[in-house]
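The chain contents come next:
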Amino acid sequence: MLTSRRDYLLRIIEEVSRLLARIAFKRRDGDDRQALETVILGFERLFSLEADQIFMLTPDQHFAMLTDDDSPEFSRDKVLLYAALSAEAGAAYAKLGNPAMSRATNINALRFTLRARAMFSAEGLPDYTPKVPGLLEALKAAPLDAETSALLTADAAASQ
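Thresholds, definitions, all that
- Residues numbered from 1 in each chain as written.
- Predicted model: local features only at pLDDT ≥ 70, side-chain atom pairs only at ≥ 80, totals over all residues.
- Heavy atoms only, no water.
- Salt bridge = Lys/Arg side-chain N within 4 Å of Asp/Glu carboxyl O.
- Helix = DSSP H or I, 4+ residues; strand = E, 2+ residues; numbered from the N terminus.
- Buried < 20%, exposed > 50% of the residue type's maximum accessible area, 1.4 Å probe, protein only.

Remarks on the pattern of salt bridges
Pairs may arise between side chains of opposite charge once their charged atoms sit close together. A complete count under the given rule lists nine salt bridges for this structure. Here Arg45 and Glu15 are joined by a salt bridge, their closest N and O atoms 2.8 Å apart. A residue pair is termed long-range when its members are at least 10 positions apart, and Arg45 in helix α2 (residues 32-47) and Glu15 in helix α1 (residues 3-28) qualify at 30 residues. According to the relative accessible area criterion, Arg45 is partly exposed, its value standing at 27%. Judged by relative accessible area, which is 26%, Glu15 ranks as partly exposed. As a salt-bridge pair, Lys95 and Asp32 come within 3.7 Å of each other at their nearest N and O atoms. Taken together, the residues Lys95 in helix α5 (residues 72-95) and Asp32 in helix α2 connect sequence positions 63 residues apart. For Lys95, a relative accessible area of 48% translates into the label partly exposed. Note on Asp32: relative accessible area 5%, which makes it buried. One continuous salt-bridge network, built from bridges that share partners, spans Arg111, Asp145 and Glu147.

Any functional reading would require information that these geometric values do not contain.
Below, the structure written as structure tokens:
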């Protein structure tokens, strides 16, 4: 990978990581709407696209974009940033009384976390990596869909 591309990716990952800290701070202060706006900014930085372009794509397209042509470590870290942003959005939506959006974003967080665990090394995971038990706790109100259940089953089998 070219040094300039590597430096660019490092800057993006560091910037979005700082945004995650800001999101968590805003949520702790009860400013969930501002936290959601910062989540959107994080997605824009992660994809280098405007929000309307990002949200026209499917999660599978997001995953492909995040794992396209980068080293496995950078791909993993970008996928986990996406998962972390989704988990933060899920928590904010829950506090704002929007259970449908909370569930949808938490499902995305769980799927992306599990896919990263299946596809990439678990060595040296970044601090922002979402915790599967916490995501499952947020999703306990209803059964998981077949795709997410299959990812969870495969993850459990790989962990043994």
